[in-house]
Number of protein chains: 2
Amino acid sequence: MPYGYEEWPKLSLESFKLGRELNLRSIKVGSINYDFEPSNIVITGMGGSGIVGDIVRDSLWGHNIIIHKDFNIPKWVDSRSLVVAVSYSGETLETICGALDALRRGVPVVGVTTGGRLASELEGRGAPVVKVPKAIAPRFGLPNLLYAVLGLLSHYLTIPEIDESISVQGDALRSELPGRLASFLKGYVPMIFAPIGLQAVAYRFKNDLNENSKTPAVVAIVPEADHNDIVAVMLKHPVKYIIIRGRTDDVHDYLMRAVEEVVKNYSSDVEVVELKGSSRLSQEVYGSMLLGLVSVKLAELYGIDPVRTDPINTLKEKIRGINCPSN
Amino acid sequence: MPYGYEEWPKLSLESFKLGRELNLRSIKVGSINYDFEPSNIVITGMGGSGIVGDIVRDSLWGHNIIIHKDFNIPKWVDSRSLVVAVSYSGETLETICGALDALRRGVPVVGVTTGGRLASELEGRGAPVVKVPKAIAPRFGLPNLLYAVLGLLSHYLTIPEIDESISVQGDALRSELPGRLASFLKGYVPMIFAPIGLQAVAYRFKNDLNENSKTPAVVAIVPEADHNDIVAVMLKHPVKYIIIRGRTDDVHDYLMRAVEEVVKNYSSDVEVVELKGSSRLSQEVYGSMLLGLVSVKLAELYGIDPVRTDPINTLKEKIRGINCPSN
């Protein structure tokens, strides 16, 4: 299996250490003090870097963690927040604008990146940056970014057990599901149902289907999807259904089984993906890896290169020259 | 045109007044005081009621407005927040759990509903409720819920001009786009691109496609979609593209034109919907009405009843007996 998936366990451990070993609370940037109890944590980033925020929010469920996928950061964010700016390349304009905007406004910012302009701009101002190892493309460097952020956040919050989330990666690598699921999805638009507490797995799968398999996909989050998306099963469409089944709490687990029943009542084009691991973090890492492998297999079936993402390059070229929007 | 769309202008004005006329700041529920400056506003609700929160957040862009589509409310919400609980029927278990959980925790809660258990539980505790007029189904009662919430929030925030958002409704009603767009979409999965500041229009359209047309749909929000969804245009799929073009700020407007160019470079199955109105509120109300009409026309083309949503009834039946999850 190429694309570096087999390196994930090693990279996860290494990257967690990189974040953990940064002595974050001792840092001061002018009047900005990093030794505080944040009232919320804003994780900003786009695409393969931005999904890290989604996984962290689900993994640290119950904390006030805000995902921001846009330029700048919200107007109401102030010095009681901690901003974590994640950009694999360090060249993501949206994220650079956000990080610099936040620092200017007196908000503590930490960068997580392989280098680039984000690293140099933050370091030039004395702000902390964790530099993570490189991968074939941002999305294939998920453990590098994710575990570095968890390491950083361990200075402020209790992080779930890291070991199990690494050991389940081996199970995902050895699974035979990816080949079967790829054949199942070929030629169709995947419609992915997941519970709200594990929603990052569904969005990560969608993103991997988009980028690796050049395939659009619908994400339907339960319980909200029970009030709209679920109705679409009444007609036959060129879609295939994936149900992501995990363990969150009794009510949501019950609802997901009900959704599965309803979808199966209307369609036989349904596959269930059972997540492994006891914590939300483990389940999300397992699901991200397993379903990432599905997207790579699907690309193979379509005879296309998972790594090439031409339309993104075109769009990046178009925004290179523009200025950050004013707040 | 049935389904009550022609009543929207009248209902909008009436419902705004209902919210405005509630003397919210004078209310006290035990030790809970409604005369304060909320540090954030949590709008909780599901489906056709929940989308109200999305529209309000976009319309009052820059304020800390949190959309919550789940049971209970987040653990970190406290008495500095205002919770607005929106349930058309008043019987939505998720929203009832959230409203009562919030009140128990000393958070000011206002209900917006046609009645039901939400109204009686809140009123029984002395908490304020705005009772809005009924419609054929929750989604067709959008102005009733939306403008009542705006009226309520006018006690705390500056609300954009209401008049224009009502006058554009006439333009949507007279448009010939709905028939053409419905024919365009028949047999395909719609993929809807919209800028982040007008994202509620895209989600509302998706929800209406789900419920009225029994059709799944993909929502792709720019700039995030520039990093993943956009790649899917590289292969031919059973999808048709809708670009929602509006006015937010220079950077996002520029990016949306770039997205439109890229999609059109790869596919000729693209339709652009230009929103009318100068404020975000006007554009969202215009878009919600125009695209709602598309979904009703598409249902006609499929020969199905827009009002029936059998799978939702099945799911509601299944959760009727369960208890709210513990926090």
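From a predicted model like this one, the values you see are computed outputs, not experimental measurements.

Engineer: Honestly, the domain arrangement of chain A in this entry has me stumped. Any pointers?
Structural biologist: Much of the literature gives interface size as the accessible area that the parts lose upon coming together. Residues and elements named next belong to chain A. Domains assigned within chain A are domain 1 (5-153) and domain 2 (164-302). Relative placement of domain 1 and domain 2: their C-alpha centres are 27 Å apart. Both faces combined, the contact of domain 1 with domain 2 buries some 2000 Å², and carbon together with sulfur accounts for 62% of it. Considering only the side of domain 1, the residues that lose the most area to domain 2 are Tyr5, Asp58 and Arg139, jointly responsible for 32% of the buried surface there. Linking glutamate 211 and arginine 139 is a salt bridge whose minimum nitrogen-to-oxygen distance equals 3.1 Å. If you look at where domain 1 meets domain 2, you find seven residue pairs in polar contact (both at pLDDT 80 or more).

Engineer: Please clarify how the environment of serine 49 of chain A should be interpreted in this entry.
Structural biologist: Residue and element names in this part refer to chain A. Mapping serine 49 onto the fold places it in helix H2 (residues 47-59). We classify serine 49 as buried; its relative accessible area is 5%. Along the backbone, serine 49 and lysine 134 are 85 residues apart, and their C-alpha atoms lie at a distance of 13 Å. In contact with serine 49, not counting residues within four places along its chain, are Val86, Ser87, Tyr88 and Leu145.

Engineer: How should the environment of valine 107 of chain A be read in this particular structure?
Structural biologist: Residues and elements named next belong to chain A. Following the sequence through the fold, valine 107 ends up in the loop between helix H3 (93-104) and strand S6 (109-113). The spacing of valine 107 and leucine 82 is 25 residues in sequence and 6.7 Å in space, taken between C-alpha atoms. Leave out the neighbours within four places in its chain, and valine 107 touches Ile32, Val77, Asp78, Ser79, Ser81, Val83 and Ala102.

Engineer: I tried to follow empty space enclosed by the protein on my own but got confused; where do I start?
Structural biologist: Empty space left among the atoms is revealed by rolling a probe the size of a water molecule over them. Taken as a whole and judged by the stated rule, the model has one cavity of 30 Å³ or more. Approximately 50 Å³ is the volume attributed to the largest cavity. Considering the residues around the largest cavity, the lining is formed by Glu94, Ile312, Leu315, Lys316 and Ile319 of chain A together with Asp226, His227 and Leu255 of chain B. Counting residues per element, the lining of the largest cavity draws most heavily on helix H11 (residues 310-319) of chain A, which supplies four residues. Classifying every residue of the lining of the largest cavity by side-chain character gives four nonpolar, one polar and three charged.

Engineer: Would you mind going over the packing of H3 of chain A against helix H4 (residues 116-124) of chain A with me for this structure?
Structural biologist: In helix packing, the relevant descriptors are the interaxial angle and the interaxial distance, both defined with respect to the helix axes. Residue and element names in this part refer to chain A. Viewed as axis vectors pointing N to C, H3 and H4 meet at an angle of 10°, and their least axial separation amounts to 9 Å. By the angle between their directions, the pair H3 and H4 is classed as roughly parallel. Along the contact surface, H3 presents Leu93, Thr95, Ile96, Ala99, Leu100 and Leu103, while H4 presents Arg117, Leu118, Glu121 and Leu122. Here the contact of H3 with H4 is built from residues that sort into seven nonpolar, one polar and two charged.

Engineer: Is there a simple way to explain the pairing of S6 of chain A in this structure?
Structural biologist: All names here are of chain A. Most of S6 is tucked away: five of the five residues are buried. In this structure, strand S5 (residues 81-87) lies alongside S6, joined through five bridges in parallel fashion. Looking across to S6, one finds that serine 87 is bridged to threonine 113. Once you follow S5 into H3 and on to S6, the crossover reads as right-handed. By the bridge criterion, three bridges tie S6 to strand S7 (residues 129-131) in an arrangement that is parallel. Note on S7: the bridge partner recorded for glycine 111 is valine 129. Handedness of the β-α-β unit built from S6, H4 and S7 comes out right-handed.

Engineer: Where do I start with the sheet that holds strand S8 (residues 189-195) of chain A in this structure?
Structural biologist: Backbone-to-backbone hydrogen bonds join strands into a sheet, with any given pair of strands oriented parallel or antiparallel. Residues and elements named next belong to chain A. One open sheet holds the four strands; their spatial order is S9-S8-S10-S11, and the pairing between them is parallel. Looking at the sheet topology across the chains shown, the edges are occupied by strand S9 (218-222) and strand S11 (270-274). Neighbour-to-neighbour, the strand axes of this sheet turn through a mean angle of 20°, independent of strand direction. Here S8 runs beside strand S10 (residues 239-245); their pairing, made up of five bridges, is parallel. Note on S10: the bridge partner recorded for isoleucine 192 is isoleucine 242.

Engineer: I'm lost on the interface of chain B and chain A in this one. Help?
Structural biologist: Residue-level contacts link 66 residues of chain B with 66 residues of chain A. Of the roughly 5700 Å² buried between chain B and chain A, counting both surfaces, carbon and sulfur atoms make up 71%. At the junction of chain B and chain A, the tally comes to four salt bridges. With a shortest N-O distance of 2.9 Å, aspartate 229 of chain A and lysine 206 of chain B are connected by a salt bridge. At the boundary of chain B and chain A, one finds 20 residue pairs in polar contact (both at pLDDT 80 or more). Going through the elements one at a time, strand S8 (189-195), helix H8 (199-213), helix H9 (250-266) and helix H11 (310-319) of chain B are the ones with two or more residues in the side of chain B that touches chain A. When residues of the side of chain B that touches chain A are assigned to their parent elements, the largest contribution, nine residues, is made by H9 of chain B. When grouped by side-chain class, the residues that make up the side of chain B that touches chain A number 34 nonpolar, 17 polar and 15 charged.

What counts, and where the lines are drawn
- Residues numbered from 1 in each chain as written.
- Chains lettered and ligands numbered in written order.
- Predicted model: local features only at pLDDT ≥ 70, side-chain atom pairs only at ≥ 80, totals over all residues.
- Heavy atoms only, no water.
- Domains from an automatic or database assignment.
- Buried area = accessible area lost by both parts, 1.4 Å probe.
- Salt bridge = Lys/Arg side-chain N within 4 Å of Asp/Glu carboxyl O.
- Polar contact = N/O pair within 3.5 Å; in protein donor to acceptor, adjacent residues only side chain to side chain.
- Helix = DSSP H or I, 4+ residues; strand = E, 2+ residues; numbered from the N terminus.
- Buried < 20%, exposed > 50% of the residue type's maximum accessible area, 1.4 Å probe, protein only.
- Contact = heavy atoms within 4.5 Å.
- 1 Å grid on protein atoms, 1.4 Å probe; cavity = no way out; pocket = protein on both sides within 12 Å on 5 of 7 lines; lining within 4 Å.
- Points joined across faces, edges and corners; volume = space filled by probe spheres on them.
- Nonpolar A, V, L, I, M, F, W, Y, C, P; charged D, E, K, R; others polar.
- Axes fitted to C-alpha atoms, helices over the stretch in contact; angles between N-to-C directions.
- Parallel < 35°, antiparallel > 145°, perpendicular 65-115°, else oblique.
- Pairing = 2+ DSSP bridges.
- Right-handed = clockwise from strand over helix to strand, strands pointing away.

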